[in-house]
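Listed below, chain by chain, are the residues.
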Amino acid sequence: MQCRVWAVLFCLLLMACSATPINILPTPTSNTNVDIEMQAAFQKARSTLDVFTTKIQTPHPNRTYVAVKVRFFPPDALPQDIWVDGVTYQAGELRGNVGDDIPSLHLSFGKNIIVPTKDILDWMLVEDGKLMGGYTIHLAFSRMTPDEKVRFLKTLDYLLDP
């Protein structure tokens, strides 16, 4: 009887000291911590994409930057959101230059690509020194500390108006 009590106590001790399993993969019922504000910024950009395409089809003497933020889907990796700049719109297609390397997709910095509109998360134009669009930029700026905002504004060559 005494051996049985010690065996039960030993088993309870082992169970109490073992690591608790952690569910790494999200399940349909788990909270995936969706950033609602970022999703709203994406939606605003997508809903105003026609403004962007109309603007870039019209030459502007003081337009210094044209870009779209695109979600890329590398195989066996998490999606990557990258700015594509030098964007043009012709014959119903957006084309631009990749702003980073994505080796698994055979994309290198500066490569000219066709951008599927379904993958666009944001757009931006800089005309007359002012940012238009850039909804994710505005959101990121709103989340910065005062010191971060000062440092960020020093890196820009355009005004970040609300």
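Description of the structure in this document.

## Regarding the pattern of salt bridges
Counted under the stated rule, the structure contains six salt bridges. Across the salt bridge formed by Arg71 and Asp81, the nearest N and O atoms sit 2.7 Å from each other. Taken as a pair, Arg71 in strand β1 (residues 63–72) and Asp81 in strand β2 (residues 80–90) lie far apart in primary sequence, 10 residues in all. Residue Arg71 is classed as partly exposed on the basis of its relative accessible area, which comes to 25%. Judged by its relative accessible area of 35%, Asp81 falls in the partly exposed class. Salt bridges sharing partners connect three or more residues here, namely Asp35, Glu37 and Arg143.

## Describing the environment of Ile56
Of note, Ile56 is situated in helix α3 (residues 49–57). Along the backbone, Ile56 and Leu125 are 69 residues apart, and their C-alpha atoms lie at a distance of 8.4 Å. Other than its neighbours up to four places away in sequence, Ile56 contacts Arg63, Val66, Val87, Thr88, Tyr89, Leu94 and Leu125.

Basis of the calculations
Residues numbered from 1 in each chain as written. Predicted model: local features only at pLDDT ≥ 70, side-chain atom pairs only at ≥ 80, totals over all residues. Heavy atoms only, no water. Salt bridge = Lys/Arg side-chain N within 4 Å of Asp/Glu carboxyl O. Helix = DSSP H or I, 4+ residues; strand = E, 2+ residues; numbered from the N terminus. Buried < 20%, exposed > 50% of the residue type's maximum accessible area, 1.4 Å probe, protein only. Contact = heavy atoms within 4.5 Å.

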